[in-house]
Amino acid sequence: MAKRLYYQNLVKRVLDASTIDNWDIAVQEWDIVDCEEDEKCSSECVCGKENLRYLFTIRNRETGRILYPIGSTCINKFDRNDLDDMVDVQMKMYHLAHAIEKGERVDLNSKYFSKKLLCELYEEGAFSSNKYNKYDASNDLQFMLDMFNKRDKDSITEAQHKKIRGLIGYSIKPFLKEQLRYKNRES
């Protein structure tokens, strides 16, 4: 019963802030513009569901209206693969950032990374241009994608492992630590 009420509340809030009164069409007007983490899980979704950890901000492209906070479960109700992918990437980014914060050994594997996460890290500026990548950060992205996609991980050479560790340690870790500091300052 509560799930149905949450869904009804979500539909009402989204339709009220959209240009059209049809759910299937209205959900196409919305984009994720930010994500925060509430480690205390003390926030409440626009639908009324409590104890949210990941707080998304969505904005309507047509009206400019913003809905916040909205939980990942509600975003999944939009039934849009692009939004679902963004939710997955953001949650994976927080998982990776927390592993780094705790001092865990972070390897290039599916426990911490995905192809989409690597691409998002690149888009956000985690890889910098330098002499080692011929002043083109996309070379580092491509290298990491190639290594991540290797089926036979034993075929990765020691030099490639060294480069992977270097990119994680000197590009990705500092970038995510700075992102967390910035998010924590905003809170």
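For the structure itself, look to the data block above.
None of the values given here were measured: they were computed from a predicted structure.

### Section: the packing of helix H5 (residues 115-124) against helix H6 (residues 137-149)
Thinking step 1. Put simply, H5 and H6 touch, their axes get as near as 10 Å, and they point 170° apart. What the angle tells us is that H5 and H6 run roughly antiparallel. For the pair H5 and H6, contact is made by Lys115, Leu118, Cys119 and Tyr122 and by Ala137, Ser138, Leu141, Met144, Leu145, Phe148 and Asn149, respectively.
Thinking step 2. Looking at side-chain class alone, the contact of H5 with H6 contains eight nonpolar, two polar and one charged residues.

### Notes on unusual backbone geometry
Thinking step 1. Along the chain, Tyr68 connects to Pro69 via a cis peptide bond; the corresponding omega equals -10°.
Thinking step 2. When you line up the elements, Pro69 lands in strand E5 (residues 66-70).
Thinking step 3. Of note, the phi angle at Tyr135 is positive, near 60°, even though the residue is not glycine.
Thinking step 4. Structurally, the position occupied by Tyr135 is in the loop between H5 and H6.

### Describing the environment of Gln28
Thinking step 1. As for its placement among the helices and strands, Gln28 is situated in the loop between helix H2 (23-26) and strand E1 (30-37).
Thinking step 2. In sequence terms Gln28 and Arg80 are 52 residues apart; their C-alpha atoms lie 8.0 Å from each other.
Thinking step 3. With residues near it in sequence (within four places) discarded, Gln28 still touches Arg61 and Arg80.

### Remarks on the packing of aromatic side chains
Thinking step 1. Enumeration according to the criterion identifies three aromatic pairs in this entry.
Thinking step 2. When the centroid spacing of 5.3 Å and the interplanar angle of 65° are considered together, the rings of Trp23 and Phe78 count as edge-to-face. Residue Trp23 is found in helix H2, and its partner Phe78 is found in the loop between helix H3 (72-76) and helix H4 (81-101); the two are separated by 55 residues along the sequence.
Thinking step 3. Each residue in the set Tyr7, Trp23 and Phe78 is aromatic and connected to the rest through ring pairs, giving one cluster.
Thinking step 4. Looking at Lys153, its charged tip hangs above the ring of Phe148, at a distance of 5.7 Å from the centre.
Thinking step 5. The ring of Phe143 is capped by Lys163, whose NZ or CZ atom sits 4.4 Å from the centre of that ring.

### Some thoughts on the nonpolar core
Thinking step 1. Counting 57 residues, the largest nonpolar core has Ile70, Phe78, Leu96, Phe113, Leu121 and Met144 as its most contacted members.
Thinking step 2. Considering each element in turn, this core owes the most residues, nine residues, to H4.

### Some words on the pattern of salt bridges
Thinking step 1. Per the counting criterion, the structure on display carries eight salt bridges.
Thinking step 2. In this structure, the salt-bridge partner of Lys12 is Asp16, at a minimum N-O distance of 2.8 Å. With Lys12 and Asp16 both in helix H1 (residues 2-16) and four residues apart, the pair spans about one turn of that helix.
Thinking step 3. Lys116 is the partner of Asp85 in a salt bridge, and the nearest nitrogen-oxygen pair spans 2.9 Å. Residue Asp85 is located in helix H4, and its partner Lys116 is located in helix H5; the two are separated by 31 residues in the primary sequence.
Thinking step 4. Using a relative accessible area of 28% as the deciding quantity, one classes Asp85 as partly exposed.
Thinking step 5. Assessed through its relative accessible area of 46%, Lys116 is described here as partly exposed.

### A closer look at the pairing of E5
Thinking step 1. For strand E4 (residues 54-60) and E5, the ladder comprises three bridges, and the chain directions are antiparallel. From the neighbouring strand, Phe56 faces E5, where its bridge partner is Ile70.
Thinking step 2. Counted along the chain from E4 to the antiparallel partner E5, the turn is five residues long, and its residue Gly64 has a positive phi close to 80°.

### Description of the sheet that holds E5
Thinking step 1. Spatially, the three strands line up as an open sheet ordered E1-E4-E5, and their pairing is antiparallel. Two strands in the sheet have a free side with no partner beyond their single neighbour: E1 and E5. For this sheet, the mean angle separating the axes of adjacent strands, direction not counted, is 20°.
Thinking step 2. In terms of strand pairing, E1 meets E4 through seven bridges, oriented antiparallel. Residue pairing across strands places Glu36 opposite Leu55, the latter belonging to E4.
Thinking step 3. In the packing of H4 onto the sheet, contacts are made with E1 and E4, and the angle to E1 comes to roughly 15°.

Definitions and cut-offs
- Residues numbered from 1 in each chain as written.
- Predicted model: local features only at pLDDT ≥ 70, side-chain atom pairs only at ≥ 80, totals over all residues.
- Heavy atoms only, no water.
- Axes fitted to C-alpha atoms, helices over the stretch in contact; angles between N-to-C directions.
- Helix = DSSP H or I, 4+ residues; strand = E, 2+ residues; numbered from the N terminus.
- Parallel < 35°, antiparallel > 145°, perpendicular 65-115°, else oblique.
- Contact = heavy atoms within 4.5 Å.
- Nonpolar A, V, L, I, M, F, W, Y, C, P; charged D, E, K, R; others polar.
- Phe/Tyr/Trp six-rings, centres within 6.5 Å; stacked < 30°, edge-to-face > 60°.
- Lys NZ or Arg CZ within 6 Å of the ring centre and 35° of its normal.
- Core = buried A, V, L, I, M, F, W, Y, C linked by side-chain atoms within 4.5 Å.
- Buried < 20%, exposed > 50% of the residue type's maximum accessible area, 1.4 Å probe, protein only.
- Salt bridge = Lys/Arg side-chain N within 4 Å of Asp/Glu carboxyl O.
- Pairing = 2+ DSSP bridges.

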